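Report on the structure
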2 protein chains.
Amino acid sequence: MTTKIDITLSETKKEKPNVDQLEFGRVFTDHMFVMDYSATKGWYDPRIVPYGPISLSPSTMAFHYGQTVFEGLKAYRTKDDKVLLFRPNKNIERLNLSNDRLCIPQIDEELVIEALKQLVSIDKEWIPTAEGTSLYIRPFIIPTEYYLGVAPSKHYRFMIILSPVGSYYKEGIHPVKIFVENEYVRAVAGGTGTAKTGGNYASSLKAQDEAEKRGYSQVLWLDGLEKKYVEEVGSMNVFFKINGEVVTPALNGSILEGVTRNSIIHLLKHWGVPVSERRLSMEDLYKAYKEGQLEEAFGTGTAAVISPIGELFYNEERMVINNGETGDISMKLYDTLTGIQTGALEDIFNWVVNVNE
Amino acid sequence: MTTKIDITLSETKKEKPNVDQLEFGRVFTDHMFVMDYSATKGWYDPRIVPYGPISLSPSTMAFHYGQTVFEGLKAYRTKDDKVLLFRPNKNIERLNLSNDRLCIPQIDEELVIEALKQLVSIDKEWIPTAEGTSLYIRPFIIPTEYYLGVAPSKHYRFMIILSPVGSYYKEGIHPVKIFVENEYVRAVAGGTGTAKTGGNYASSLKAQDEAEKRGYSQVLWLDGLEKKYVEEVGSMNVFFKINGEVVTPALNGSILEGVTRNSIIHLLKHWGVPVSERRLSMEDLYKAYKEGQLEEAFGTGTAAVISPIGELFYNEERMVINNGETGDISMKLYDTLTGIQTGALEDIFNWVVNVNE
Ligand SMILES: Cc1ncc(COP(=O)(O)O)c(C=O)c1O
Ligand SMILES: Cc1ncc(COP(=O)(O)O)c(C=O)c1O
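This structure is a prediction, so every number in the text was calculated from the model and none was measured. (Residues numbered from 1 in each chain as written. Chains lettered and ligands numbered in written order. Predicted model: local features only at pLDDT ≥ 70, side-chain atom pairs only at ≥ 80, totals over all residues. Heavy atoms only, no water.)

Things to note about a negative patch on the surface
Residues and elements named next belong to chain B. Negative charge collects at one region of the surface, where E93, D108, E109 and E110 lie side by side. Relative to the helices and strands, E110 is located in helix α2 (residues 109-122). Under the relative-accessibility criterion, E110 is labelled exposed at 59%. (Patch = residues over 30% accessible without salt bridge, like charges linked within 9 Å, V, L, I, M, F, W, Y side chains within 5 Å. Areas by Shrake-Rupley, 256 points an atom, 1.4 Å probe, with all protein chains shown as cover. Salt bridge = Lys/Arg side-chain N within 4 Å of Asp/Glu carboxyl O. Lys, Arg positive; Asp, Glu negative; His and termini not counted. Charge placed at Lys NZ, Arg CZ, Asp CG, Glu CD. Helix = DSSP H or I, 4+ residues; strand = E, 2+ residues; numbered from the N terminus. Buried < 20%, exposed > 50% of the residue type's maximum accessible area, 1.4 Å probe, protein only.)

A few points about empty space enclosed by the protein
This model, assessed by the stated rule, comprises 3 cavities of 30 Å³ or more. Taken as a whole, the largest cavity spans an internal volume of roughly 260 Å³. Elements with a contribution of two residues or more to the lining of the largest cavity: α3 (198-202) of chain A together with α3 (198-213) of chain B. Here the lining of the largest cavity gets 4 residues from one element, more than from any other, and that element is α3 of chain B. (1 Å grid on protein atoms, 1.4 Å probe; cavity = no way out; pocket = protein on both sides within 12 Å on 5 of 7 lines; lining within 4 Å. Points joined across faces, edges and corners; volume = space filled by probe spheres on them.)

Considering helix α2 (residues 109-122) of chain A
Counted at 1.5 Å a residue, the expected span for α2 of chain A with its 14 residues is 20 Å, and the 20 Å between its end C-alpha atoms agrees. Measuring from the backbone nitrogen of E110 of chain A back to the side-chain oxygen at the start of α2 of chain A gives 3.1 Å, which picks out D108 of chain A as the cap. (Expected span 1.5 Å × (residues − 1). Polar contact = N/O pair within 3.5 Å; in protein donor to acceptor, adjacent residues only side chain to side chain.)

Some points on the relation of the copies chain B and chain A
The operation relating chain B to chain A is a screw motion whose rotation component is 180°, with 0.0 Å of axial translation and a residual RMSD of 0.0 Å. The symmetry that links the two subunits is that of a two-fold axis. (Least-squares fit on C-alpha atoms with pLDDT ≥ 70 in both.)

Focus on the interface of chain B and chain A
Each partner contributes residues to the interface: chain B has 62 residues there, and chain A has 62 residues. Area buried by chain B at its contact with chain A is led by P58, F63 and L205 of chain B, which between them contribute 14% of it. For K206 of chain B, the salt bridge identified is with D100 of chain A, shortest N-O distance 3.1 Å. Along the contact surface separating chain B from chain A lie 20 residue pairs in polar contact (both at pLDDT 80 or more). Breaking the side of chain B that touches chain A down by element, the ones donating at least two residues are β4 (54-56), α1 (88-101), β8 (134-143), β9 (155-165) and α3 of chain B. Sort the elements by how many residues they give to the side of chain B that touches chain A and α3 of chain B lands first, with 9 residues. (Contact = heavy atoms within 4.5 Å. Buried area = accessible area lost by both parts, 1.4 Å probe.)

A few points about the packing of helix α4 (residues 259-271) of chain B against helix α6 (residues 328-341) of chain B
Packed helices, taken two at a time, are described by the angle between their axes plus the distance between the axes. All names here are of chain B. Between α4 and α6, whose axes approach to 11 Å, the crossing angle comes to 110°. If you check the angle between α4 and α6, you find them roughly perpendicular. For the pair α4 and α6, contact is made by T260, S263, I264, L267, L268 and W271 and by I329, K332, L333, T336 and L337, respectively. Considered class by class, the residues forming the contact of α4 with α6 number 7 nonpolar, 3 polar and 1 charged. (Axes fitted to C-alpha atoms, helices over the stretch in contact; angles between N-to-C directions. Parallel < 35°, antiparallel > 145°, perpendicular 65-115°, else oblique. Nonpolar A, V, L, I, M, F, W, Y, C, P; charged D, E, K, R; others polar.)

Quick look at the site of ligand 2
Residue and element names in this part refer to chain B. Not every one of the 15 residues close to ligand 2 is listed here, only the nearest: K196, Y201, E232, T260 and T302. The separation between an oxygen atom of ligand 2 and a polar side-chain atom of Y201 is 2.5 Å. The separation between an oxygen atom of ligand 2 and a polar main-chain atom of V259 is 2.7 Å. Relative to its free-state accessible area of 390 Å², ligand 2 is covered by the protein chains to the extent of 95%. Counting residues per element, the ones that place at least two in the shell around ligand 2 are α4 and β16 (294-301). Class assignment for the residues of the shell around ligand 2 results in 4 nonpolar, 7 polar and 4 charged. (Near = heavy atom within 4 Å.)

Brief notes about the domain arrangement of chain A
All names here are of chain A. Assigned domains of chain A: these are domain 1 (6-167) and domain 2 (176-341). Placing a centre on the C-alpha atoms of domain 1 and another on those of domain 2 gives a separation of 27 Å. Between domain 1 and domain 2, the contact holds 18 residues from the first and 19 residues from the second. Between domain 1 and domain 2 lies a buried interface of about 1700 Å² when both sides are counted; carbon and sulfur atoms form 56% of it. Contact with domain 2 buries area across many residues of domain 1, yet F70, F86 and R94 alone supply 35% of it, more than any other trio. Applying the counting criterion to the domain 1 and domain 2 interface returns 11 residue pairs in polar contact (both at pLDDT 80 or more). Of all the secondary structure elements, the ones that give two or more residues to the side of domain 1 that touches domain 2 are β5 (69-70), β6 (73-77), β7 (83-86) and α1 (88-101). (Domains from an automatic or database assignment.)

Some words on the site of ligand 1
All names here are of chain A. As a structural note, the neighbourhood of ligand 1 is formed by 15 residues, with K196, Y201, E232, T260 and T302 the closest of them. Between ligand 1 and T260, the relevant distance is 2.5 Å, taken from an oxygen atom to a side-chain nitrogen or oxygen of the residue. Alone, ligand 1 offers 380 Å² of accessible surface; in the complex the protein occludes 95% of this. Looking at the shell around ligand 1, the elements with two or more residues in it are α5 (259-271) and β16 (294-301). In terms of residue class, the shell around ligand 1 is built from 4 nonpolar, 7 polar and 4 charged.

Digging into the nonpolar core
Core analysis: the biggest nonpolar cluster contains 44 residues, and F63 of chain A together with F63 of chain B have the highest contact counts within it. Those elements that place two or more of their residues in this core are β2 (31-38), β4 (54-56), β8 (134-143) and β9 (155-165) of chain A together with β2 (31-38), β4, β8 and β9 of chain B. With residues up to four places along the chain from it excluded, the contact list for F63 of chain B reads I54, L56, F63, T68, F140 and I142 of chain A together with L56, S57 and P58 of chain B. (Core = buried A, V, L, I, M, F, W, Y, C linked by side-chain atoms within 4.5 Å.)

Side note on helix α7 (residues 328-341) of chain A
All names here are of chain A. The terminal C-alpha atoms of α7 lie 20 Å apart, and with 14 residues this matches the ideal 20 Å at 1.5 Å per residue to within 8%. The buried fraction of α7 is high, at 10 of 14 residues. Of the residues making up α7, those classed as buried are I329, S330, L333, Y334, T336, L337, T338, G339, I340 and Q341. Looking at the residues trailing α7, positive phi occurs at G343, about 80°.

Right, here's the structure in full:
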């Protein structure tokens, strides 16, 4: 560590929410990490300060041209009061990939990991300990130049905020129904699909909204060119077990490379389960379904870890998968990943980072 | 008018910039228009207040998921001190189209036009009068709910800010060199290309940056599916004069419908110049060029009005158009449109709105 992080502790502590009433992303801890960028100074003034509002001119570029990036990861508090992060280096690497796509200057990954650790340590009391709960960590960057021209901003603010979150599965892990989207497009190669930038999520809202109105909880995105090939599900990567093999769409320039996705591929290989990353058409998936070979389907991401898919609505037809129940591989992946993340299982791949070490 | 706009005038007046030093989008006037939205109240509290910063929680959705929309139009001050807006209803209609795509509640178009007029009247002294100068008007909407979930915000803020701008063409209208983009994609049908939302501009920065490094001032976007068909140029629509006919890409679900584009089509028809909106391939354009039939090319948008294209760089070849000079139709369109906008020419189509009438 060469750059020192300046720390100003909050004089008052907010009341912590009741763990039963925790909703995702509504309540924030006592502190936040902030760092600014200017063309002349580079990233400067890394600091931990009391959580609070920021004041910006209405002409701040953040409000106009969407040049924003973000990340999402979690911290867990173990039975013996250790605080663990899951592969934080992967998220910070991805943040720099997103920065590159969005013309935002690269951040010092080591410094940001150090900031993550210090911030989470300081607000450690906020990490809920009940089964399935965690502390959601949101690093993000916004352009802060006061200028209405369409050009990369010359000033940025990097922030990390923390939010205690309840269990994603209040009544145990259970499958969701997914609408196969055939009108709206999430991303195409040459666009911003491989980056975690606001515009990708903004453009998904309408499809999500229409799927919900039809009673589906998320959409399955197809490729934007031919609307034939499977890409992602909602804001998760997607896997299918077809005739004993686990298949996920290959990284093709429009899919976000999930940390969970990457971890699952490692785990499956380690277990000797056949796994392949390849182009997968909806037509082939439907054929496998008709032939009784579509054995499981699930989304993967930081929020839910594993989200089993019980039904796909495709071409006006309901494709019910594994009787609408959670499959064995889905369950085993969920138990293993959450076990490693919370320190209950052995960390065979060295994925877990203890914030006090 | 049923809803009244509340007005609080600024107690101090800022110093106005020297008209020779005006840069686009850097300096703002003394007042702004603000209106808020909540699910229970709808849009409420429309008000004109002193221009100043806004304070937002770091968890404000505007910083995370890009659910933003904006518009851009201009006000002109005539020799006899009238203040004119150019087709403001078109911009406000388009804002509602953008709102629809981004799941933002519709605004009352009449109220917003009224707000535009009142705000511009109050800050009328800020409108420069020198040739080619104007007041740039930026209406925009940001999501203001404090929430990290990917869902439409339940709160919004609508704002209008004003910026005096200098002449786009300091040394007279002159052609630019354009790089035909074959890697990055602006938008595809099913995406957000028809809306004025931040993500479209964020995703364009990288292509723009790379074009500039090669000495080109903007990129010509091709369709995202086959990268064959012409779409837009930078953040302008694009027209070509081919063998006497003026051609512009048809609205296909990924192109923004420019107010300038629409006005030009009207003018050309009125003049009896053949004009067609159709799919136009780069291959056909190149063929016309080789056969000496590509007579003019120009971009169109609020900022530059007409931006003649002197050169296209395509397939490692420089296509020089009209000897790199401004063509007759480009010049006539520029003179006519700016003439109507500034009140110097007769407003034959009833496009101009006097803010005091
Ligand atoms: C679009 C998209 N795809 C996939 C993922 C899954 O990524 P990860 O496993 O890193 O959370 C996310 C969520 O982060 C996402 O936003
Ligand atoms: C992407 C894009 N295309 C075209 C235009 C031209 O539209 P208008 O003529 O309404 O300014 C703009 C600018 O507003 C734009 O941002």
